[in-house]
Amino acid sequence: MNKKEAKNRIEELRKQVEYHAKRYYDDDEPEISDFEYDMLMVELRNLEKKFPEFNSKESLTQKVGGHVKEGFEKVTHEVPLQSLQDVFSIDEVKEYVQKIEEKAIENDIENNKYVVETKIDGLSAALEYKNGKFVKGATRGNGLVGEDVTENLKTVKTIPMQLNENIDITVRGEVFISKQDFEKMNQEREENEQELFANARNAAAGSLRQLDSKITAKRPLDIYIFNVQKIEGKSFNSHFEELEYLEKLGFNVNPVRIPCENMKEIEKAIEKIGEDREKLTFGIDGAVVKVDNLKFREILGTTAKTPRWAVAYKYPPERKETKLKDIICQVGRTGVITPMAILEPVKVAGSTISKTTLHNEDFIKQKELKIGDTVIIQKAGDVIPEIVEVKKDKRTGEEIEFEMPKKCPVCGAEAVREEGEAAIRCTGIECPAKLFRNLVHFVSREAMNIDGLGENIISQLLERNLIHNIADIYTLKFEDIASLKKNGKKFAQNLIDSINTSKENDLYRLITALGIRHVGVKASKILARKYKNIDNLMEANSEELAMINDIGPIVANSIREFFIQEQTIDLITKLKQEGVNTRNLEEEISDNRFEGKTFVLTGSLEKYTRGEISDIIEKMGGKTSNSVSKKTDYVVAGEDAGSKLKKARDLGVTVLTEEEFETTRKFLKSIDFFEIHIFKYSVRKGTKAAEMKDQVPEEIKTQRSDKLFEDLAPMNREFLEWHIGKKAEVLMEEKV
């Protein structure tokens, strides 16, 4: 490679590395594996070493990747949080240790030792304590400046708020999510039709870097401390001694730390960690070799990016060849039909792999997979094993093309793929694979609101074959329910009463309960008001539905597809037979004072539930939204309002407290808009005032119109101005 080619390749690699570093560190949404990223960095580092004239301080080989996320306060690290130099072979470790030993001889360091630790796959953070009390926590950021995540770190149960000694200390640790908790999180996200986390590291990073600490508190974050950054009033000779002291203080310290005296022991330690990594409860992406002597560390020093007293050994991803015996389809609780590869069992990275997900139809086409193919399986670290390559040169001609099913393999209902989505879904509401989740949704608070019929009870009813579909809820007998609990008669009666009460629910609750894709409470209310009963809705075509405000073509097609299914028609028939209401009970909107206005609700409300205040707004012609934008008119903010409140203020959206919302509602109800507008107009005209004074409400007869508006809260004043203009402008001009 000549200089010109080297320069072009270096520039290309820097752009790629910068892009993928942003996706990894800043966005927490990587597009390539850690190994692929590492290989790009290795190539870049080698080229910069070979062609030093093209070196740049801005290259990520010379600085730590990552930036401070907007919305967080910046924290300057008193002691930089550096990254580690990666190596990818035992020979490179030997080369590193040899250099350290030579430095030890040069500096008269006797009996030089090492510590080998697991390199935990998470997000690095610094914790600061004053007089033993936790006072500040920050992410690594770019190593010099990080993000203040103190409140978020306070939600991590394994971080002590008060140490066992009243000491000033700053420590560094790795925030992570355990393997078991990660699997559980992704399972729950799948059930809730949320995008799955790519890996545990990015799940942990995304959780810690939330602007709302309440979200962080719901995530199962953990931490292992692995280094003392700064300490007042104490000194140590070795790193191993530091770690033992940190445990005494009450910290959760990295449990895998192996003392070593030479390269032979280091190699054994690396092998041991590699062999045991499948048994570890947390994910790792390597083993760290550290110099133990702290004074020697000071002599060795650091580069701008990495310490010279440590190196990270990255375990290579293991690849094995095997046979793709078959492709079967599984139906998840949400109805997503997922192709699964059935493989000839092969041992990869310590695990026997006999099957792996093929994700979706697009993945199969992209890899050009056929049943009977010879494939390469890769398992890198603690990532799910995947097919990375097809050995097309080993095809015999007997391989079989695979096609995704047109019908659900479990219930036979139509399987559809919506435009813009990769997933194919079962549309059957009575599909056994979806039944548990459909039942849980049907009885939920926002749907049919059947109190007492929780997940545990539903599981028992299914296990005992007491229900086989949603309509069976309404055929449950007292004695069947009572048998589920010890002394369960009172529980049974309460549940029977709740089930019977749900029969009288408004139509929108039934539509919500059916779980039509893309149709939530808001859309259900719109449909109920439009069609008045379930039969009219079932007969509506896609074109008609798409014309409805806030519905649109995608939702319309989903509704139409749902109601033409035999399983849906059968369920509605059964529900009618059991006496479930299928008519709209809500009165026509006669008070449309909020017409054309969009509200966003945030924080903890005291006087209303979210549902109650939404109902008030919608019954008065307004609508609610889940997100703040320039189109938002008002944000009603309760206690502990988070990012939505901040965004509203940034955009200049009017923010209301509950009291202000209530005042406005009552004020607008008590005063006739037209009369106030006439009075205000009359004051401005002067000569008309006396003639029109009799038309003004008694309570404001003695006030000038301008004074009245001054006395109102800014929110009421603005809202009244708008409503007056909306309701009376034309009439007023005619009358005056």
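The structure this text deals with has already been given above.
The rules behind each value
Residues numbered from 1 in each chain as written. Predicted model: local features only at pLDDT ≥ 70, side-chain atom pairs only at ≥ 80, totals over all residues. Heavy atoms only, no water. Helix = DSSP H or I, 4+ residues; strand = E, 2+ residues; numbered from the N terminus. Contact = heavy atoms within 4.5 Å. Areas by Shrake-Rupley, 256 points an atom, 1.4 Å probe, with all protein chains shown as cover. Phe/Tyr/Trp six-rings, centres within 6.5 Å; stacked < 30°, edge-to-face > 60°. Buried < 20%, exposed > 50% of the residue type's maximum accessible area, 1.4 Å probe, protein only. Lys NZ or Arg CZ within 6 Å of the ring centre and 35° of its normal. Expected span 1.5 Å × (residues − 1). Arc of directions from axis to C-beta. Pairing = 2+ DSSP bridges. Axes fitted to C-alpha atoms, helices over the stretch in contact; angles between N-to-C directions. Disulfide = S-S within 2.5 Å. Core = buried A, V, L, I, M, F, W, Y, C linked by side-chain atoms within 4.5 Å. Polar contact = N/O pair within 3.5 Å; in protein donor to acceptor, adjacent residues only side chain to side chain.

Asker: Which parts of the structure should I look at to understand the overall build of the chain?
Answerer: On a plain count of helices and strands, the chain comes out with 28 helices and 22 strands. Residue pairs in contact within the chain that sit at least 24 positions apart in sequence constitute 68% of those at least 6 positions apart. Summed over all atoms, the accessible surface of the chain reaches about 37700 Å², with 46% contributed by carbon and sulfur.

Asker: For this particular structure, what's the right way to read the packing of aromatic side chains?
Answerer: The description of two aromatic rings rests on the distance between their centres and on the angle between their planes. Overall, the coordinates contain 12 aromatic pairs when judged by the stated rule. Here the aromatic rings of F176 and F282 are separated by 5.8 Å at their centres, their planes lie at 55°, and the arrangement is tilted. Here F282 lies in the loop between α9 (263-276) and β10 (284-291) and F176 lies in strand β7 (residues 169-176), a separation of 106 residues in the sequence. Of the two residues, F176 and F282, neither departs from the other in class, the shared state being buried. With 6.0 Å between their ring centres and 90° between their planes, F599 and F661 make a pair best called edge-to-face. Residue F599 is found in strand β19 (residues 598-602), and its partner F661 is found in helix α24 (residues 658-670); the two are separated by 62 residues along the sequence. Take F599 and F661: they sit in the same class, and that class is buried. Pairwise contacts between aromatic rings join Y129, F134 and F251 into one cluster. We note K485 situated over the ring of F491; from NZ or CZ to the ring centre the distance is 4.3 Å. In this structure, K525 is placed above the aromatic ring of Y508, and the distance from its NZ or CZ to the ring centre is 5.0 Å.

Asker: Sorry if this is basic, but what is going on with helix α15 (residues 489-502) here?
Answerer: Helical geometry: 3.6 residues make up each α-helical turn, so side chains three or four residues apart lie on a common side. For α15, built from 14 residues, the straight-helix expectation of 20 Å at 1.5 Å per residue is met to within 8% by its first-to-last C-alpha distance of 20 Å. All of the buried residues along α15 are F491, A492, L495, I496, S498, I499 and S502. Taken down its axis, α15 places every buried residue within 165° of arc, on the same side. For α15, exposure combined with an orientation more than 90 degrees from the buried face picks out K489, K490 and T501. Considering only its buried residues, α15 is in contact with α13 (455-463) and α14 (478-482).

Asker: For this particular structure, what's the right way to read helix α21 (residues 566-577)?
Answerer: The end-to-end C-alpha separation of α21 is 17 Å, in line with the 16 Å expected for 12 residues at 1.5 Å each. Listing the buried residues of α21 in full gives Q567, T568, L571, I572 and L575. Axial view of α21: buried residues confined to an arc of 130°, hence all on one face. Exposed residues pointing more than 90 degrees away from the buried face of α21 are listed as E566 and Q577. Following α21 by one or two positions, G579 adopts a phi angle in the positive range, close to 85°.

Asker: Before we go on, may I ask you to explain the sheet that holds strand β11 (residues 310-313) in this structure?
Answerer: In a beta sheet, neighbouring strands pair by backbone hydrogen bonds and run either parallel or antiparallel. In space, the five strands of this open sheet follow the order β2-β11-β10-β3-β9, with mixed pairing throughout. The sheet is open, and its two borders are formed by β2 (86-87) and β9 (257-260), each paired with just one other strand. The sheet contact formed by β10 and β11 spans four bridges and is antiparallel. Within β11, the position partnered with A287 by the bridge is Y313. Helix α3 (residues 90-106) contacts β2, β3 (114-120), β10 and β11 of the sheet and is inclined by roughly 170° relative to β11. Here α9 sits on the sheet and contacts β3, β9, β10 and β11; the angle it forms with β3, its principal contact strand, is near 20°.

Asker: For this particular structure, what's the right way to read the state of the cysteines?
Answerer: Linking two cysteines covalently through their sulfur atoms gives a disulfide. Under the criterion given, the structure shown has zero disulfides. Its sulfur unpaired, C408 is 3.6 Å from the next cysteine sulfur, which belongs to C426.

Asker: It is not clear to me how the nonpolar core should be interpreted in this structure. Could you clarify?
Answerer: It is characteristic of soluble globular proteins that their nonpolar side chains tend to be buried jointly. Among the nonpolar cores identified, the biggest contains 56 residues, and F442, L527 and I559 are the most heavily contacted of them. Beyond its immediate stretch of four places on either side in the chain, I559 contacts I516, V519, L527, L537, L545 and I551. If you look at the next biggest cluster of nonpolar residues, it comprises 37 residues, including F72, V156, I169 and A204.

Asker: It is not clear to me how unusual backbone geometry should be interpreted in this structure. Could you clarify?
Answerer: It is generally the case that most residues other than glycine have a negative phi and that most peptide bonds are trans. The residue E368 is not glycine, and still its phi comes out positive at about 55°. Residue K532 is not a glycine yet carries a positive backbone phi of 70°. We classify K532 as partly exposed; its relative accessible area is 36%.

Asker: Can you help me understand the environment of G454 in this one?
Answerer: The topology assignment puts G454 in the loop between α12 (435-442) and α13. Under the relative-accessibility criterion, G454 is labelled partly exposed at 32%. As for G454 and H441, which are separated by 13 residues in sequence, their C-alpha atoms are 10.0 Å apart.

Asker: Which parts of the structure should I look at to understand the side chain of T582?
Answerer: Relative to the helices and strands, T582 is located in the loop between α21 and β19. Overall, T582 belongs to the buried group, its relative accessible area being 12%. T582 has contacts with L507, L510, K532, N533, I534 and K576, leaving out every residue within four places of it along the chain.

Asker: How do you make sense of the side chain of S207 when you look at a structure like this?
Answerer: Residue placement: S207 occurs in helix α6 (residues 200-208). The buried category is assigned to S207, whose relative accessible area is 0%. Here A203 takes part through its backbone oxygen, which lies 2.6 Å from a polar atom of the side chain of S207. A polar contact is formed between the side chain of S207 and the side chain of R219, at a distance of 2.8 Å. When neighbours within four sequence positions are excluded, S207 is seen to be in contact with I177, T216, R219 and L221.

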